[in-house]
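One letter stands for each residue in the lines below.
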Amino acid sequence: MSTAEHSRPPNGFNLVPPPGWDVIPLRTGTKEAMDHIVRKAVAQLPASFPKDDIPKARLKLTQEVKKVVRRARAKGGMTLYLPTERLQGVALPVSIVASEPSHIPRVRPSSGPEAVLAALASVTPGAETRTLDTTAALRSERDVPADAAQGVEVAHRRVEYFVPIPDSDPDQYLVFSFSALIAPGSDPAFYDILVELFDAVMGTFRWSYA
């Protein structure tokens, strides 16, 4: 890549989701992507599934996908990644959302992304620095308990990557959030494996300059 290309900000990013996942853009093309996912899910119903119940199943699937999309959009989501195929017969209760952060730590003017990452790390337990396509990012992980008062219906494991957009002026950032619903009495090791999967996905992250 030339020096000129390095001096301008990227116009996007590429992320490779695992096999059996689908991507839903949250700004344009959302309905088309949702319709595709629902059609694929209905096509995967077993042959023994009662035909009279297919419309009801389609409606339920559509409502579930819309609910996930609404939640992602409410958090400033730009892109939603969902597993749409079962893994060894198990439906993974996980999602990945790429979004613009709703809160950025205040630092001195012109301090740059390094100061923002340091400020965020100082108030984020367990935060650590990772490198994504030569860009320093901040990774954090925590378990979020269910709290109806805070709008958290189900406990979940959350992992986030806070990523500065290189050469942006003013400084801009992206957040990649992974969420895995925690079933009561489930094995914590299962969620550790899902987190490893997300970290592997983030290892495919690349900036796009095309």
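Residues numbered from 1 in each chain as written. Predicted model: local features only at pLDDT ≥ 70, side-chain atom pairs only at ≥ 80, totals over all residues. Heavy atoms only, no water.

1. Observations concerning the nonpolar core
Short version of the rule: Each nonpolar core is a collection of buried residues, namely Ala, Val, Leu, Ile, Met, Phe, Trp, Tyr and Cys, held together in the definition by side-chain atoms within 4.5 Å. Type-normalised accessible area, obtained with a 1.4 Å probe on protein chains alone, sets the label of each residue: buried when under 20%, exposed when over 50%, and partly exposed for intermediate values. Should any heavy atoms of two residues lie within 4.5 Å, those residues are counted as being in contact.
The biggest cluster of nonpolar side chains holds 27 residues, and the ones touching the most others in it are Tyr161, Phe176, Phe178 and Phe198. Setting aside chain neighbours within four positions, we find Phe176 in contact with Phe13, Leu15, Val97, Ala98, Val159, Glu160, Tyr161, Val163, Phe198, Met202 and Phe205. In this structure, Ala72, Leu80, Leu82 and Val97 belong to the second largest nonpolar core, which totals 13 residues.

2. Some points on the sheet that holds strand β2 (residues 21-25)
Formally: Two strands qualify as a pair provided DSSP detects at least 2 bridges between them. Where helices and strands are cited, they refer to DSSP runs of H or I of at least four residues and of E of at least two residues respectively, numbered from the N terminus. In this description, a line fitted to the C-alpha atoms serves as the axis of each element, helices being fitted only across the stretch in contact, and the angle between N-to-C directions of two axes falls anywhere from 0 to 180 degrees.
As summarised here, the arrangement of the seven strands in space is β2-β3-β4-β8-β7-β6-β5, forming an open sheet in which the pairing is antiparallel. Each of the sheet's edge strands pairs with one partner strand only, and the pair in question is β2 and β5 (128-132). Ignoring strand direction, the axes of neighbouring strands in this sheet form an average angle of 20°. Inspection of the sheet shows β2 paired to strand β3 (residues 77-83) by five bridges, in the antiparallel sense. Following the sheet pairing, Ile24 is matched in β3 by Leu80. Strands β2, β3 and β4 (94-99) of the sheet are contacted by helix α3 (residues 54-74), whose axis makes an angle of about 145° with β3.

3. Re the packing of aromatic side chains
Where we set the bar: Stacked, tilted and edge-to-face pairs are distinguished by plane angle, under 30 degrees for stacked and over 60 for edge-to-face with tilted covering the rest, among Phe, Tyr and Trp rings (Trp via its six-membered ring) whose centres lie within 6.5 Å.
Counting across every chain of the model gives eight aromatic pairs. Judged by centre distance (5.1 Å) and plane angle (85°), the ring pair of Phe13 and Phe176 falls under edge-to-face. Taken together, the residues Phe13 in strand β1 (residues 12-14) and Phe176 in strand β8 (residues 173-181) connect sequence positions 163 residues apart. Consider the rings of Phe178 and Phe198, whose centres lie 5.0 Å apart with planes at 15°: the pair is stacked. In this pair, Phe178 sits in strand β8 while Phe198 sits in helix α5 (residues 188-202), placing the two residues 20 residues apart along the sequence.

4. What about the pattern of salt bridges?
Let me state the cut-off plainly: Whenever a carboxyl oxygen of Asp or Glu lies within 4 Å of a side-chain nitrogen of Lys or Arg, that contact is scored as a salt bridge.
Counted under the stated rule, the structure contains 10 salt bridges. When the shortest N-O distance is used, the salt bridge between Asp35 and Lys31 registers 2.9 Å. Of this pair, Asp35 and Lys31 are both found in helix α2 (residues 30-43), four residues apart, which corresponds to roughly one turn of the helix. The salt bridge partner of Asp199 is Arg139, with a shortest N-O separation of 3.0 Å. With Asp199 in helix α5 and Arg139 in strand β6 (residues 135-144), the pair connects residues that are 60 residues apart, well separated along the chain. Of the two residues, Asp199 and Arg139, neither departs from the other in class, the shared state being buried. Among the charged side chains, a salt-bridge network with shared partners connects Glu128, Arg130, Arg139, Glu141, Asp143, Arg157, Asp192 and Asp199.

5. With respect to the confidence of the model for the chain
Convention followed: The quantity called pLDDT is the predictor's confidence in a given residue, expressed from 0 to 100.
The share of residues in the chain with pLDDT of 70 or more is 92%, and the mean pLDDT across the chain is 89. Across the chain, the element-wise mean pLDDT spans from 46 in helix α1 (residues 3-6) up to 97 in β5. Scored below 50 in pLDDT, residues 1-5 shows three contacts in the model against residues more than four places distant or in partner chains.

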